[in-house]
Amino acid sequence: GITVTLAGSITVSGDWTNDGGTLTGGANTVTFTGTANTIGGTGTTAFPATVIAEAAVYTINNSNSSTSLTFTASGTASSLTLGGGNPTLTVSGGVTINQPTASVITALNINGGICTIGGTLAFVGGNTTAGRVGQIAVSTVSLTANGAVNFASNTTDANQVITVTGSGSATFAS
């Protein structure tokens, strides 16, 4: 495979397929902006800081890692889903889920596979309008958060949600 070294941050609007290459991201950011796209391939990718942008909808079908993961505050629903193939997503730093700016859901969905967060899991946003939901939904396999879990200081609890259903599990180390 080839090695790609980022000289700056990049935006990905389509599928990301790694069939054996290496990404050297450094202090840069990979921002995903596409809708109904996949992150997959036969190889794993070690992403630098990763951003799920407004209206971005991605499904991970292989195992990957990232130094951090941020969901932008947006007026259109966005999501990152661990899907088929029992993938793993390991985030060595924090995960930040910014509250949407409209009545939509911004979600990290663990529908298969394992998600491990090494740093702080933070729900950010102070708007009290119901329906502006940042959520993590675990329905199959597991979520492990090794750092603190911080909820935004607003009075609408249902705007920041962690749900565990089916055969899913969640472990909070702090």
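None of these values were measured; they are calculated from a predicted model. (Residues numbered from 1 in each chain as written. Predicted model: local features only at pLDDT ≥ 70, side-chain atom pairs only at ≥ 80, totals over all residues. Heavy atoms only, no water.)

> Where do I start with the overall build of the protein in this structure?
Summing up its helical and strand segments, the protein has 0 helices and 22 strands in all. Buried residues in the protein amount to 45% of all 174 residues. Look at the contacts in the protein between residues 6 or more apart in sequence, and 60% of them connect residues 24 or more apart. Of the roughly 7,200 Å² of accessible surface on the protein, a fraction of 53% belongs to carbon and sulfur atoms. (Helix = DSSP H or I, 4+ residues; strand = E, 2+ residues; numbered from the N terminus. Buried < 20%, exposed > 50% of the residue type's maximum accessible area, 1.4 Å probe, protein only. Contact = heavy atoms within 4.5 Å. Areas by Shrake-Rupley, 256 points an atom, 1.4 Å probe, with all protein chains shown as cover.)

> Where do I start with empty space enclosed by the protein in this structure?
Picture a little ball the size of a water molecule; that probe, rolled over the atoms, points out where space is still empty. Taken as a whole and judged by the stated rule, the model has 1 cavity of 30 Å³ or more. Taken as a whole, the largest cavity encloses approximately 80 Å³ of empty space. Lining the largest cavity, in full, are Phe-32, Ile-39, Phe-47, Thr-50, Ile-60, Asn-64, Ser-65, Ser-66, Leu-69, Leu-80 and Leu-89. With 3 residues, strand E10 (residues 64-66) is the single largest residue contributor to the lining of the largest cavity. When its residues are assigned to classes, the lining of the largest cavity shows 7 nonpolar, 4 polar and no charged. (1 Å grid on protein atoms, 1.4 Å probe; cavity = no way out; pocket = protein on both sides within 12 Å on 5 of 7 lines; lining within 4 Å. Points joined across faces, edges and corners; volume = space filled by probe spheres on them. Nonpolar A, V, L, I, M, F, W, Y, C, P; charged D, E, K, R; others polar.)

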